Structures are given as structure tokens and as C-alpha cells.
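Results of the structural survey
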Amino acid sequence: MVKVCMIGLGRTGKIVAKHMIGRKDVQLVMAVCRPGSDKIGQDVGTLLGISETGIKVMGSNLLNEGLRIFKPDVAIDFTNPEACITNTTVLARNKVNAVIATTGFTDIQFQKLRSIAVQNKVGMVIAPNITLGVNVLQFLCKIAAQLLDDYDVEIIEEHFKEKKDVPSGTAIKIAESISEGRGIEDSVKILTENDVASLRGANIIPIHSLRAGGIVGVHKVMFASDEDSVEIMHQSFTRSAFAKGAIKAAKFIVGRKGVYDMADVLNLEEVLERFASKQRDSHA
């Protein structure tokens, strides 16, 4: 049984918390929100619209005290970059591993998270998109980028209108995977529609962003030549997809040290190697 602290009780955080209630492999032992929130003091069950759990929501200003009392193995953070770095510092000092599902980090903030993990010798999964499917898409795009190395590439991402980071952290990670697959440096660039028209065909991966309504999340990657095109797409129908990924990552990081991503959680490199080995054996 993995004991989990849930940090951040917004629309996604609440769904992740709800998915942990009543499970036999993970146990929610703490729920944390921002100081001053009207959620503080409420029973988590009441907040989630289910029967009471006995877990009272606390402010992140009491995170240190809560960790010492409830002793979680892992914390899952769905907050914002500034709050996440503060929370992660407290977690690391208490030797609590973390799953970082927060998005919108700058490069400097990413390096700060890595430094916190290394200096305190704790484990951390950093995942701009925690869903299982989108991480498979990212892996497939890296492979496709090698096979379709002379095709133009464009990324289209869609999210709900309140999402602040544009483009999404997931879209940037997809672009980085494509760049890595092609051995291109400095190819991730945010472009306007006019820029795209003038720079199409260069070693640049345009990212188009749409913010509208309640769209949970859509990421589509197009590889196009003059003769044909290939599209790889992932669409989240509900935020339950985030819960499945977050719980899988939480179970993975228990007892580990260092910094990981969802490719490590899903063991994608080994999966590909096993597939390649089977293919070699079948042609031997």
C-alpha cells in the first residue's frame, strides 16, 4: 500500500484524489490546497461529493507538519510552478518522493526541480502530461521523426479556455522528442500563423494552440510531404486519464532516487527493444 499526499485540489486534482479512495494499492492520507482556500478544514469526501473519509484538507503552509504526522511515501502535485517548487522543497527535506504533474515551468524552474531531487537524494517523476496515452504518442513521434526525416512537421494542441500556459508543456515535450529523433537542436519555436507561412520547411516545428470551452486536451502531430501525410493524435475524454497516469507514476517512484519522466514509468525503451528483438528473431 503506497501512502499518498495529494497537493492541489483543482478540477484535475480532485479527480485524482477521488480515484485513490477505496483502492488496495494506494491510500490517500493527506490532501493539501493553497493557504486561505475555503476548502481548508473540509473532509475530502465532502469536497469530492462522496462519503466522508476522515481526511481533512490542510493548507500548504502546514505541509511540513502534515508530512511528519501522516508520513506519506509519495506526493502528487497539481498546483502551479511557483507553489510546486516551494512544496517540492518541503517534500524533499522530509524525504518524500514526488510526482510533478504541474505544467508551465520555465527551463530555470525545471532545473531547480532537478536540483532539489539530486541534492536531497529523493525520487521525482516530472511529467508535463501525466496521461499514459499522450506519452505513448510522444514516443511514437520520436520514432516517426526518424523514419519521415524529410517531412514537414506541425503540432496542434487544444485545451480548455482557462489553461494559462501557451503552448502546452506537452506540446513542447512532443516537439523536443521530434527534434531528438531528427538530431536537430533549437528547433522548438513558438510561431504566429504568419511566421509559419514564411518559415515552413525550415528546421522549425511550429506549435498551434487553441483555448476554448471545456476541452480536456488534444494533441495532434502531422508529418506531411508533397505526396502524403501521417497524423498521430491523442485526445483525453475525461480527466480520469490523468488519475490513471498519476497513480501509476506514484507507485513507480516509491523507493527510487533521481529524476524520471513518464517514458521511464511506462518503460517505453524496453518495450521497443523487446519488439525489435521479436522482429529480428522472426526474420532470422
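The following refers to the structure shown. For clarity, every value in this text was computed on a predicted model and none was experimentally measured.

Definitions and cut-offs
Residues numbered from 1 in each chain as written. Predicted model: local features only at pLDDT ≥ 70, side-chain atom pairs only at ≥ 80, totals over all residues. Heavy atoms only, no water. Helix = DSSP H or I, 4+ residues; strand = E, 2+ residues; numbered from the N terminus. Rg over C-alpha atoms; globule rule 2.2 N^0.38 Å. Buried < 20%, exposed > 50% of the residue type's maximum accessible area, 1.4 Å probe, protein only. Contact = heavy atoms within 4.5 Å. Areas by Shrake-Rupley, 256 points an atom, 1.4 Å probe, with all protein chains shown as cover. Lys, Arg positive; Asp, Glu negative; His and termini not counted. Charge placed at Lys NZ, Arg CZ, Asp CG, Glu CD. Axes fitted to C-alpha atoms, helices over the stretch in contact; angles between N-to-C directions. Left-handed = near helix turned anticlockwise from the far one by under 90°. Nonpolar A, V, L, I, M, F, W, Y, C, P; charged D, E, K, R; others polar. 1 Å grid on protein atoms, 1.4 Å probe; cavity = no way out; pocket = protein on both sides within 12 Å on 5 of 7 lines; lining within 4 Å. Points joined across faces, edges and corners; volume = space filled by probe spheres on them. Phe/Tyr/Trp six-rings, centres within 6.5 Å; stacked < 30°, edge-to-face > 60°. Lys NZ or Arg CZ within 6 Å of the ring centre and 35° of its normal.

**Quick look at the overall build of the chain**
Tallying secondary structure elements over the chain gives eleven helices and eleven strands in all. Computed over C-alpha atoms, the radius of gyration of the chain comes to 20 Å, within 12% of the 19 Å expected from 2.2 N^0.38 for 284 residues, which places it in the range of a compact globule. For the chain, the spread of C-alpha atoms along the three principal axes comes to 60 × 50 × 35 Å. Looking at the chain as a whole, 46% of its 284 residues qualify as buried. Of the contacts formed within the chain by residues at least 6 apart in sequence, a portion of 71% connects residues at least 24 apart. Total accessible area on the chain is roughly 14,500 Å²; 51% of this is exposed by carbon and sulfur atoms. Of the charged side chains in the chain, 35 are positive and 33 negative; the average position of the first set lies 12 Å away from that of the second.

**Looking at the packing of helix 3 (residues 63-70) against helix 4 (residues 81-93)**
Between helix 3 and helix 4, the least distance of the axes is 10 Å, while the angle of their chain directions is 35°. Of the two possible hands of crossing, helix 3 and helix 4 adopt the one that is right-handed. Across the interface between the two elements, Leu63, Asn64 and Leu67 from helix 3 touch Asn87, Val90 and Leu91 from helix 4. Residues of the contact of helix 3 with helix 4, tallied by class, amount to four nonpolar, two polar and no charged.

**Here's the deal with the layout of surface pockets**
There is about 1,100 Å³ of room inside the largest pocket. In this structure, the largest pocket is lined by 45 residues; those nearest its centre are Phe78, Thr79, Asn80, Thr103 and Phe160. Listed by contribution, the elements that provide at least two residues to the lining of the largest pocket are helix 1 (11-20), strand 2 (26-33), helix 4, helix 7 (169-182), strand 9 (217-224) and strand 10 (229-236). Partitioning the lining of the largest pocket into residue classes produces 15 nonpolar, 21 polar and nine charged. Roughly 920 Å³ of volume is contained in the second largest pocket. Along the walls of the second largest pocket sit 38 residues, with Pro128, Gln138, Lys173, Glu176 and Asp261 positioned nearest its centre. Broken down by secondary-structure element, the contributors of at least two residues to the lining of the second largest pocket are helix 5 (107-120), helix 6 (132-147), helix 7, strand 11 (258-260), helix 10 (262-266) and helix 11 (268-282). Among the elements that line the lining of the second largest pocket, the one with the most residues is helix 7, at seven residues.

**Examining the environment of Val90**
Along the polypeptide, Val90 turns up in helix 4. The sequence separation of Val90 and Ser60 amounts to 30 residues, and the corresponding C-alpha distance is 9.8 Å. Beyond its immediate chain neighbours, meaning those up to four positions away, Val90 contacts Leu63, Asn64 and Leu67.

**Some words on the packing of aromatic side chains**
Counting across every chain of the model gives two aromatic pairs. With a centroid separation of 5.3 Å and an interplanar angle of 80°, the aromatic rings of Phe252 and Tyr260 are classed as edge-to-face. A relative accessible area of 14% means that Phe252 is categorised as buried. When the ring centre of Phe160 is taken as origin, the NZ or CZ atom of Arg11, which lies over that ring, is 4.6 Å away. When the ring centre of Phe252 is taken as origin, the NZ or CZ atom of Arg256, which lies over that ring, is 3.9 Å away.

**Digging into unusual backbone geometry**
Look at the link from Val166 to Pro167: it is a cis peptide, with omega at -5°. For Pro167, the location among the structural elements is in the loop between strand 7 (152-159) and helix 7. Its identity is not glycine, yet Lys95 carries a phi of approximately 60°, on the positive side. Position of Lys95 relative to the elements: it lies in the loop between helix 4 and strand 5 (97-100). Of note in the backbone geometry, Lys121 takes a positive phi value of approximately 55° without being a glycine.

Nothing here speaks to function; it is all geometry.
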